[in-house]
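Descriptive analysis of the structure
Here's the letter readout for the chains.
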Amino acid sequence: MAIETVGVVGGGLMGSGIAQVAASAGFPTRLREVTAALATQARGRVERSLAIGVGKGKVTPEQRDATLAHLTVGTDIGDAASCDIVIEAVVEDLAIKVALWQEIDRQAPPRTIFASNTSSLTIADMAVASGRPDRVVGLHFFNPVPLMALVEVVRAITTSDASVDAATAFVRRLGKQPIAARDTSGFVVNRLLIPYMLDAIRAVETGVASVSDIDTGMRLGAGHPMGPLTLLDFVGLDTTLRIAEIMYTEFRETRFAPPPLLRQMVTAGLFGRKSGRGFYDYSAEPPRVSAFLSR
Ligand code: CAA
Ligand code: NAD
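Residues numbered from 1 in each chain as written. Chains lettered and ligands numbered in written order. Predicted model: local features only at pLDDT ≥ 70, side-chain atom pairs only at ≥ 80, totals over all residues. Heavy atoms only, no water.

Summarising the element assignment, Glu92 is placed in the loop between strand 4 (85-88) and helix 5 (94-107). In this structure the side chain of Glu92 is engaged in a polar contact, spanning 2.8 Å, whose partner is the side chain of Thr118. At 2.7 Å, the side chain of Glu92 and the side chain of Ser120 are in polar contact. Not counting residues within four places of it along the chain, the set of residues in contact with Glu92 comprises Lys97, Thr118, Ser119, Ser120, Leu121, Arg242, Ile243 and Ile246. (Helix = DSSP H or I, 4+ residues; strand = E, 2+ residues; numbered from the N terminus. Polar contact = N/O pair within 3.5 Å; in protein donor to acceptor, adjacent residues only side chain to side chain. Contact = heavy atoms within 4.5 Å.)

Here's what the structure looks like:
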């Protein structure tokens, strides 16, 4: 069950990174977005990331050109569905993901493996609904995909050994480090990381310290590359809210409950970097703490 071609569905933050990594590993890669305008934006994300890589001397101009030559971006779901593996990176919503898998199943050959990049949904729910329960795995990449070495490989109770083996071998061909995780909401990393980020929001809510001091504390006191509030802006507050809601529904543990401030910020359209404002305001360089948080 060798994987030679890769379909990616959803070209946002994660899908564009996954497509970049697959194309740069030499796989013919087909990235699918919903509209032509979103497809153009997705291609632009890959081009910008490659340009930064070239600027930093980590990607050669030849590697950039080869990556872009391996990548097709469009709106036809059939193009992605005809590949040996299809990886979905659409919004964190079970109903949307299930509808998508059912649509892809109608067009994909029987051999195709389905992989979800979900952060917090259980793979079994998608596997059962997909029409091919033995061929669905979780492949959980980390943001930013071109720079983060880990991929969690998640086996649902219905997944065959052959699918897990093929997906793990594929992750290695991408140059990433796989770890095997059980199909429990949040897998390994988000089970630990999400409560930590939510606790940082609670620290802001209760006035433990300022936004910038909380971030500086965790950078300089715990050696994290980014403070938790910067990381929240980086992940996307909308995505984090969905993840917290799903994990709280699953476990009913208060550590996963979304804090009111997170909900209010999402309602106000403060999604973090992607919308220009979250805990920080990105209209300034360097970004400043958002004005409403320093009042
Ligand atoms: N292409 C290739 N290489 C690049 C690049 C690009 N576009 N951009 C940067 N690099 C290289 C740099 O040259 C540098 O390489 P060396 O270490 O060999 O010198 C390295 O990548 C780091 O780059 P920078 O120095 O520019 O950036 P940084 O040191 O500020 O690191 C970061 C950036 C890797 C994002 C770092 O801040 C980090 O690790 N942050 C935390 C990210 C994190 O926790 N992600 C997980 C989020 S949670 C998640 O994803 C799961 C979920 O379900 C929500
Ligand atoms: P995002 O909002 O940046 O991108 C989602 C993209 O999916 C959008 O561009 C949207 O147009 C597209 N889309 C929606 N429905 C589609 C469809 N039917 N067909 C094709 N495209 C469709 O979100 P993201 O941050 O990239 O997250 C995507 C997935 O990855 C989620 O499941 C999320 O939980 C997971 N994830 C996110 C992160 C993170 O740090 N943001 C990390 C790991 C995993």
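Turning our attention to the pattern of salt bridges. Applying the stated criterion across every chain yields a total of 14 salt bridges. For the salt bridge of Arg43 with Glu47, the shortest nitrogen-to-oxygen distance reads 3.4 Å. Taken together, the residues Arg43 and Glu47, both in helix 2 (residues 36-55) and 4 residues apart, mark about one turn of the helix. Here Arg43 falls in the partly exposed class, since its relative accessible area comes to 27%. For Glu92, the salt bridge goes to Lys97, with nearest N and O atoms at 3.7 Å. (Salt bridge = Lys/Arg side-chain N within 4 Å of Asp/Glu carboxyl O. Buried < 20%, exposed > 50% of the residue type's maximum accessible area, 1.4 Å probe, protein only.)

As far as domains go, the protein holds domain 1 (6-182) and domain 2 (190-287). Here the C-alpha centroids of domain 1 and domain 2 sit 25 Å apart. Opposite the 10 residues of domain 1 that make contact, domain 2 presents 8 residues. With both chains or domains summed, domain 1 and domain 2 bury close to 840 Å², and 61% of this area falls on carbon and sulfur atoms. Our count for the contact surface shared by domain 1 and domain 2 stands at 1 salt bridge. Close ionic contact of Asp93 with Arg242 constitutes a salt bridge, the shortest N to O distance being 3.5 Å. Our count for the contact surface shared by domain 1 and domain 2 stands at 3 residue pairs in polar contact (both at pLDDT 80 or more). Looking at the side of domain 1 that touches domain 2 residue by residue, the class counts come to 3 nonpolar, 5 polar and 2 charged. (Domains from an automatic or database assignment. Buried area = accessible area lost by both parts, 1.4 Å probe. Nonpolar A, V, L, I, M, F, W, Y, C, P; charged D, E, K, R; others polar.)

Mapping Asn117 onto the fold places it in the loop between strand 5 (113-116) and helix 6 (123-130). Residue contacts for Asn117: discarding those within four places in its chain leaves Met14, Ile18, Glu88, Ala89, Leu139, His140 and Phe141. From its side chain, Asn117 meets the backbone nitrogen of Phe141 in a polar contact 2.8 Å long.

Okay, the site of ligand 1 next. Taken together, 18 residues are adjacent to ligand 1, and Lys56, Lys58, Ser119, His140 and Asn143 come closest. Contacts to ligand 1 include Asn143, whose backbone N or O atom sits 2.7 Å from a nitrogen atom. Protein contact buries 65% of the 1,100 Å² of open area that ligand 1 shows by itself. At the level of elements, helix 2, helix 8 (189-205) and helix 10 (228-235) are the ones that each hand at least two residues to the shell around ligand 1. (Near = heavy atom within 4 Å. Areas by Shrake-Rupley, 256 points an atom, 1.4 Å probe, with all protein chains shown as cover.)

Right, let's get into the pairing of strand 2 (residues 29-32). The pairing of strand 1 (residues 6-9) with strand 2 spans 4 bridges and is classified as parallel. From the neighbouring strand, Val8 faces strand 2, where its bridge partner is Leu31. Pairing analysis gives 4 bridges linking strand 2 to strand 3 (residues 71-74), with the strands arranged parallel. Note on strand 3: the bridge partner recorded for Arg32 is Gly74. (Pairing = 2+ DSSP bridges.)

With that settled, the discussion passes to the site of ligand 2. Neighbouring residues of ligand 2: 23 residues in total, closest Arg32, Glu33, Glu92, Lys97 and Ser119. Separating an oxygen atom of ligand 2 from a side-chain N or O atom of Asn117 is a distance of 3.0 Å. Across the complex, the protein chains shield 86% of the 840 Å² of accessible surface that ligand 2 would expose by itself. Contributing elements (two or more residues each) for the shell around ligand 2: helix 1 (13-24), helix 5 and strand 6 (136-141). Class assignment of the residues belonging to the shell around ligand 2 gives a composition of 10 nonpolar, 8 polar and 5 charged.

Before going further, it helps to examine the packing of aromatic side chains. Scanning the entire structure with this criterion turns up 3 aromatic pairs. Between Phe251 and Phe256, the ring centres sit 5.2 Å apart and the planes meet at 35°, which makes this aromatic pair tilted. Against the face of Phe251 rests Arg191, its NZ or CZ located 5.0 Å from the ring centre. Note that Arg252 overlies the ring of Tyr248, its terminal NZ or CZ placed 5.6 Å from the centroid. (Phe/Tyr/Trp six-rings, centres within 6.5 Å; stacked < 30°, edge-to-face > 60°. Lys NZ or Arg CZ within 6 Å of the ring centre and 35° of its normal.)

With that settled, consider the packing of helix 8 against helix 12 (residues 260-267). Direction vectors running N to C along helix 8 and helix 12 enclose 90°, while the axes themselves pass 8 Å from each other. Between helix 8 and helix 12, the crossing angle belongs to the class labelled roughly perpendicular. Where helix 8 approaches helix 12, its residues Leu198, Ile201, Val204 and Glu205 are matched on the opposing element by Pro260, Leu261 and Leu262. Residue composition of the contact of helix 8 with helix 12, grouped by class: 6 nonpolar, no polar and 1 charged. (Axes fitted to C-alpha atoms, helices over the stretch in contact; angles between N-to-C directions. Parallel < 35°, antiparallel > 145°, perpendicular 65-115°, else oblique.)

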